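What follows is the residue order along each chain.
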Amino acid sequence: AEGEYRFRTVRPGRVPGPGNSLQAPHLAVSVFGRGLIKRLATRLYFADGEGNDADPILSLVPDERRATLVAERLADGTWWLDIRLGGRGETVFLDW
């Protein structure tokens, strides 16, 4: 009712990326919804993620928009990322 979601998973490690690089730990996220013609693809990175500064995909996102992909750890140990479909702070969606 409040537009929140929650899931539980194992935190991922680094994975191979383009050009023999290593990607920072991340989760692939897809958003489906009423009125959307196709899924919206994005990523969730962790604020303390090893390699965030050198991740080949995250580095393609302009500095001022990267925060829309980076989850912050709350005091209770959970991770929080707002996904916004439009307006100020709109989440960066990837075209793949």
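Residues numbered from 1 in each chain as written. Predicted model: local features only at pLDDT ≥ 70, side-chain atom pairs only at ≥ 80, totals over all residues. Heavy atoms only, no water.

A.B. asks: Describe in detail the packing of aromatic side chains, supporting the description with residues and values.
C.D. replies: The tally for this structure, following the rule as stated, stands at two aromatic pairs. Ring centres 6.3 Å apart and planes at 10° place the aromatic pair Tyr-5 and Phe-7 in the stacked group. A relative accessible area of 48% means that Phe-7 is categorised as partly exposed. Taken together, a centroid distance of 5.2 Å and an interplanar angle of 80° make the contact between Phe-46 and Trp-79 edge-to-face. With Phe-46 in strand 4 (residues 40-46) and Trp-79 in strand 6 (residues 79-80), the pair connects residues that are 33 residues apart, well separated along the chain. (Phe/Tyr/Trp six-rings, centres within 6.5 Å; stacked < 30°, edge-to-face > 60°. Buried < 20%, exposed > 50% of the residue type's maximum accessible area, 1.4 Å probe, protein only. Helix = DSSP H or I, 4+ residues; strand = E, 2+ residues; numbered from the N terminus.)

A.B. asks: Which residues make up the pattern of salt bridges, and what are the values?
C.D. replies: If you walk through the whole model with that rule in mind, you get five salt bridges. In this structure, the salt-bridge partner of Asp-95 is Lys-38, at a minimum N-O distance of 3.8 Å. Taken together, the residues span a long stretch of sequence, with Asp-95 in the segment after strand 6 and Lys-38 in the loop between strand 3 (26-31) and strand 4 at a distance of 57 residues. For the residue pair Asp-95 and Lys-38, the accessibility class agrees, reading exposed in each case. In this structure, Arg-84 engages Asp-82 in a salt bridge whose closest nitrogen and oxygen atoms are separated by 3.3 Å. Residue classification places Asp-82 among the partly exposed positions, given a relative accessible area of 35%. (Salt bridge = Lys/Arg side-chain N within 4 Å of Asp/Glu carboxyl O.)

A.B. asks: Let's hear about the sheet that holds strand 6: which residues, and what values?
C.D. replies: The four strands lie next to each other as 3-4-5-6, forming an open sheet whose pairing is mixed. This sheet does not close on itself; its edge strands, each paired only once, are strand 3 and strand 6. Sheet topology places strand 4 next to strand 5 (residues 70-73); two bridges connect them, and they run parallel. The residue of strand 5 that forms the bridge with Phe-46 is Ala-71. (Pairing = 2+ DSSP bridges.)

A.B. asks: Let's hear about the environment of Leu-22: which residues, and what values?
C.D. replies: If you trace the backbone, Leu-22 turns up in strand 2 (residues 22-23). If near-sequence neighbours (up to four positions away) are discounted, Leu-22 is found in contact with Arg-14, Val-15, Pro-16, Gly-17 and Pro-56. (Contact = heavy atoms within 4.5 Å.)

Remember, this is a structural readout, not a statement about activity or role.
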